[in-house]
Amino acid sequence: MSGTGFFGDTAPIRYEGPQSANPLAYRHYDRDKLVLGKRMEDHLRAAVCYWHSFVASGLDMFGGATLARPWFAADDMAHARLKADVAFEMFDILGLPFFTFHDRDIAPEGASLAESNRNVREIADVFARKMETRKVRLLWGTANLFSARRYMAGAATNPDPDVFAYAAAQVKNAIDVTHRLGGANYVLWGGREGYETLLNTDLKRELAQLGRFLEMVVEYKHKIGFKGVILIEPKPQEPTKHQYDFDVGNVYGFLAANGLANEVKVNIEVGHAVLAHHAFEHEVSLAAALGILGSVDANRNDYQSGWDTDQFPNNAPELALALHAILKFGGLGAGGFNFDAKIRRQSLEPADLLYGHIGGMDTLARALTAAAAMIEDGALDRFVAERYAGWDRGEGAELLAGRRGLADLAARVERDNLDPQPRSGRQEYLENLVNRYL
Ligand code: XUL
Ligand code: CO
C-alpha cells in the first residue's frame, strides 16, 4: 500500500488478453499493439475525467450522496490536495495517457472570484509537479459555468452583462491553467447557455452575446500563444429546456455565422447525440464532413430513461461505426476519448471506479479493432465510392464544378430522352457485412 491507500495495494492494470478472467486486467486494450500502423494508445488518447470520478457523490434527483470519499469531509484546499493525490494514484493504476477537469472540480470556490481562481492555480501547481515525473497529460481543461446560482440564467447568454464579465474572468483563468499544464484542447460546454422559456428570452441578443464570448476566447488563446484546440460540446437540452449548442449541425451554423469555423471544433458526446435524437456515428460523420471533428466524450446513455445518464461505454458495435468514421477522417488529431462517465450510485467501492474505466477501455479497443478491420477490408468504403462514382467523372464532375446550368441540363435530358434507373441501396447486405467485423 502506498500514497493515500485509497486503492489499497492495487497494482497497475495490465493487458492480459481476451482469455483472462482477472477483473482488474485489460482484455482488449493493449496500448502498444499496432492498429493500422499506430499504437492503440495513440489512436484512442483516453482520458479520465475528474468530475465524475472524484466529485460525483452518487446524488440523484431523489436522494443524496451514497459514495463516501475521504476528500468529501470538507470543501477546503487540504481536501482538494488529497483528492489530487488519489486522482493521480488512479491515473497511475489505469495507465491511461490523459485526464480532464473543470476548474470547480479541482479546487474549492473562494469568497471572491480572485480567491477561487487562486485556488485553481494552486492545485494546478500540484498537478504540474505530479506531471513532472509521470507520462499522464492534460487532454483538456474547462470552466464550470453552470453549477453556481449566479449562472442560473446563463453565463455568456445572461441578461446581465456583469454575469458575462464574471464568466469571462473565470474562463480566462481556466484557459491560463490549461495552457500552463500543456493542455491539448480547451472545452466550452454551455449547460446554461439556452433558455427555460422564450417568454423571458431575447433569443437574438443571447446568440450575439454567445458569439462575442467565443470570439473573445479565440482572441485570448492567440494572445497568450495557447496552441490547443478550442472545442464546443454540443448538447440539446438538460439542464435547460433548450441549449443553443444543440448538436453538431447547429454548432457549425453558429461557428460559420461568427466566422469561427476554422478556429473552433466540436467535442462530441455519445449521450448528447442520443438526447438530440441522432446516432453517435451521425454526429461524428457530420463533424468530419464539415471539418470540425475535434474530440469525443465517451459514454453511453440509458435508452430507456431518456436522461443523460453518463454511463461507461459498453456498446462496442455503436462505437465501432463512429470509430470507422474517425479512422476515415484520419483520427482525432489533438482530441481523444474522454470518459464523461460515472459509476452508478450503488457502486460504492474504489474498485468500481477501476472496473468502469477498464470496461470502457476494452469497449473502445474492441470498437477500434472492428473499425480497423472495416478499413483494411475496404468493402464498405468501396461500396460507397462506387455508389457515387458518377460524380467523379463526366457530367457529374462538370455539374459540381459549376459548368452546367438548369437550361443545359434540361436540353440534354430532353435530347437524350434520359430515364435514370434506380439501383439497390443494399442496406441489409451492408449491415451483414458490418457484423462480420464485430
Ligand atoms: C454535461 C457534460 C459536461 C461537459 C464538460 O452533460 O457533458 O460534463 O463534458 O463541461
Ligand atoms: Co461531456
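In what follows, the structure referred to is the one given above.
Keep in mind it's a predicted model, so treat the numbers as computed, not measured.

Analysis parameters
Residues numbered from 1 in each chain as written. Chains lettered and ligands numbered in written order. Predicted model: local features only at pLDDT ≥ 70, side-chain atom pairs only at ≥ 80, totals over all residues. Heavy atoms only, no water. Pairing = 2+ DSSP bridges. Helix = DSSP H or I, 4+ residues; strand = E, 2+ residues; numbered from the N terminus. Axes fitted to C-alpha atoms, helices over the stretch in contact; angles between N-to-C directions. Contact = heavy atoms within 4.5 Å. Buried < 20%, exposed > 50% of the residue type's maximum accessible area, 1.4 Å probe, protein only. Arc of directions from axis to C-beta. Right-handed = clockwise from strand over helix to strand, strands pointing away. Lys, Arg positive; Asp, Glu negative; His and termini not counted. Salt bridge = Lys/Arg side-chain N within 4 Å of Asp/Glu carboxyl O. Polar contact = N/O pair within 3.5 Å; in protein donor to acceptor, adjacent residues only side chain to side chain. Phe/Tyr/Trp six-rings, centres within 6.5 Å; stacked < 30°, edge-to-face > 60°. Lys NZ or Arg CZ within 6 Å of the ring centre and 35° of its normal.

**Student:** Tell me what's going on with the sheet that holds strand β12 (residues 264-269), and back it up with residues and numbers.
**Tutor:** With respect to topology, eight strands assemble into a closed barrel ordered β5-β6-β7-β8-β10-β12-β13-β14, the strand pairing being parallel. Strand-to-strand, the axes of this sheet are offset by a mean angle of 30°, without reference to chain direction. As paired strands, strand β8 (residues 185-188) and strand β10 (residues 229-232) are joined by four bridges and run parallel to one another. In the sheet register, Tyr186 faces β10, and the bridge partner there is Ile230. Contacting β6 (98-102), β7 (137-142) and β8, helix α6 (residues 161-180) crosses the sheet at an angle of about 155° to β8. Packed on one face of the sheet, helix α12 (residues 350-377) meets β5 (46-49) and β14 (337-339) and runs near 155° to β14.

**Student:** Outline helix α16 (residues 427-437), listing residues and values.
**Tutor:** Taken together, the buried positions of α16 are occupied by Leu430, Leu433, Val434 and Tyr437. Down the axis of α16, the sector holding all buried residues measures 100°, keeping them to one side. Opposite the buried face of α16, by more than 90 degrees, sit the exposed residues Glu428, Asn432, Asn435 and Arg436. The inward-facing, buried residues of α16 abut α11 (316-329), α12 and α13 (379-387).

**Student:** For the pairing of β7, give the residues involved together with the corresponding values.
**Tutor:** Residues in a regular strand point their side chains to alternate faces of the sheet. Burial analysis of β7 places five of its six residues in the buried class, the great majority of the element. Bridge count for β6 against β7 is five bridges, and the pairing is parallel. Bridge pairing in β7 places His102 opposite Thr142. A crossover links β7 with its parallel partner β8, the connecting element being α6, and its sense is right-handed.

**Student:** Explain the side chain of Asp340 residue by residue, including any values.
**Tutor:** Positionally, Asp340 belongs in the loop between β14 and α12. Lys342 is the oppositely charged side chain nearest to the buried, salt-bridge-free Asp340, at an N-O distance of 7.0 Å. A polar contact is formed between the side chain of Asp340 and the side chain of His52, at a distance of 2.4 Å. In contact with Asp340, other than residues within four places in its own chain, are Cys49, Trp51, His52, Glu233, Glu269, Asp297, Ala298, Asn299 and Asp310.

**Student:** Lay out the packing of aromatic side chains in plain terms, naming residues and giving numbers.
**Tutor:** In this description, a pair of aromatic rings is defined by centroid distance and the angle of the planes. This structure, assessed with the given rule, holds 21 aromatic pairs. Judged by centre distance (4.9 Å) and plane angle (85°), the ring pair of Phe6 and Phe7 falls under edge-to-face. Like Phe7, Phe6 is buried. Members of the aromatic cluster, each reached through a chain of ring pairs, are Phe6, Phe7, Tyr50, Phe54, Trp71, Phe72, Phe88, Phe91, Phe99, Phe101 and Phe127. The ring centre of Tyr151 lies 6.0 Å from the NZ or CZ of Arg150, which sits over that ring. One residue, Arg426, lies across the ring of Tyr429, its end atom 4.9 Å from the ring centre.

Fair warning: the whole summary comes from geometry, so function is off the table for now.
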